[in-house]
Every structure is written in structure tokens, then in C-alpha cells.
Amino acid sequence: MNIVITNKTRSKEFKPYYYLFDQVAKVAEKELELKDDYTISVILVRSKKIKEINRDYRNIDRVTDVISFAINDQIDDYEMMETEKELGDVFINVDYAYLQAKEYGHSFEREFAFLFLHGLLHCLGYDHMQKEDEEVMFKIQDLIIDQVVKREI
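Residues numbered from 1 in each chain as written. Predicted model: local features only at pLDDT ≥ 70, side-chain atom pairs only at ≥ 80, totals over all residues. Heavy atoms only, no water.

A.B. asks: Please explain the nonpolar core as it appears in this structure.
C.D. replies: For soluble globular proteins, the rule of thumb is that nonpolar side chains tend to be buried together. If you look at the biggest cluster of nonpolar residues, it comprises 38 residues, and the most contacted ones within it are Met-1, Phe-21, Ile-40, Leu-44, Ile-92, Phe-112 and Phe-116. Listing elements by their share of this core, those giving two or more residues are helix H1 (19-31), strand S2 (39-45), strand S3 (66-70), strand S4 (86-93), helix H4 (94-104), helix H5 (108-123) and helix H6 (131-148). With nine residues, the single largest contributor to this core is H5. Ignoring sequence-local partners within four residues, the contact set of Met-1 consists of Ala-25, Glu-29, Leu-34, Asp-37, Tyr-38, Ile-40, Leu-87 and Leu-120. Counting seven residues, the second largest nonpolar core, distinct from the first, contains Val-45, Ile-50, Ile-67 and Phe-69. (Core = buried A, V, L, I, M, F, W, Y, C linked by side-chain atoms within 4.5 Å. Buried < 20%, exposed > 50% of the residue type's maximum accessible area, 1.4 Å probe, protein only. Helix = DSSP H or I, 4+ residues; strand = E, 2+ residues; numbered from the N terminus. Contact = heavy atoms within 4.5 Å.)

A.B. asks: How should a negative patch on the surface be read in this particular structure?
C.D. replies: Together, Asp-127, Glu-132, Asp-133 and Glu-135 line one region of the surface with negative charge. Looking at where Asp-127 falls in the secondary structure, it is placed in the loop between H5 and H6. Judged by relative accessible area, Asp-127 falls into the partly exposed class, the value being 33%. (Patch = residues over 30% accessible without salt bridge, like charges linked within 9 Å, V, L, I, M, F, W, Y side chains within 5 Å. Areas by Shrake-Rupley, 256 points an atom, 1.4 Å probe, with all protein chains shown as cover. Salt bridge = Lys/Arg side-chain N within 4 Å of Asp/Glu carboxyl O. Lys, Arg positive; Asp, Glu negative; His and termini not counted. Charge placed at Lys NZ, Arg CZ, Asp CG, Glu CD.)

A.B. asks: Please clarify how the layout of surface pockets should be interpreted in this entry.
C.D. replies: Think of a ball as big as a water molecule: rolled over the atoms, this probe shows where empty space is left. Of the volumes computed, that of the largest pocket is approximately 650 Å³. For the largest pocket, the lining is made up of 24 residues, of which Arg-58, Ser-68, His-118, His-122 and His-128 are closest to its centre. Element by element, the count of residues in the lining of the largest pocket is highest for S3, at five residues. Looking at the lining of the largest pocket residue by residue, the class counts come to ten nonpolar, nine polar and five charged. (1 Å grid on protein atoms, 1.4 Å probe; cavity = no way out; pocket = protein on both sides within 12 Å on 5 of 7 lines; lining within 4 Å. Points joined across faces, edges and corners; volume = space filled by probe spheres on them. Nonpolar A, V, L, I, M, F, W, Y, C, P; charged D, E, K, R; others polar.)

Printed below as a string of C-alpha cells:
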């Protein structure tokens, strides 16, 4: 999987953690039996920016931890060409990654990787709006993230 990372935070402190995205992608490819060579974009932002995105594109005027925009969700009538394997964009709120890691009692690395995984799964078509779908998605998340970053700090 090709991962294109854009850091809009203007901070270099997150660069040492980029390898986690590759590790998550490799485990996801194996566990989900993904055969195609996909590309996904990851954009690192702060709380202010993700609130704007949430408000402008989802009509929800509050901060959140991660937002994903799947290509297939955005362009209903567009038929992707056979060679195109772009999944979409995952916006990660780095401020929330720190806050949630502390709140959940695990490392920043685990939360950072988890937020990417959550967005990736949405871009692959998984959702958690219905109870049955939530159980499937959350089970997959646990299976993948536990192979990348241990639960304890």
C-alpha cells in the first residue's frame, strides 16, 4: 500500500511515527486479504482544522479525532478505472491522538496507529453505524492493531 503523508501541523515531532502507518497497512493487507496495490492519503492536522473540516463537510460543528473521505463515497456515479486504486483521505487530529492515548491508558504510538487504521477501514468500506457493522469493524481493528502496537504503555 502506498501511503502519502501530508503534515499540516508544521511540527516535525510526528515524523518518527510515520512507520506505524506502513506497519498497519501491511497487517491490514494480510488480514483482509487485499490483493490490489492501493494508495491512501493521510493528512495530519490540529483540532482547529479538523473542527472546520467536520463542520464544512459533515455539518457537525465539533472537534473529532479522525475523519475519512473514501473515494467511493464521494463520487457515487464515477466508475474507477481498472488501474486506479486510490482509497481516499484520512485526516488525523494529532492533538486528540495525545489526549486519547492518555485517556485510554496506552501509548501515543498505539493511538496514532489506531486512528490511521480506523480511517483506513472506513476508506475500505467498513462502518460502525449499525450494531452488526460495528462489531465486525471493531473486531478487525483489534486484530490488526494488536499485531502492530501492544496495549500497554
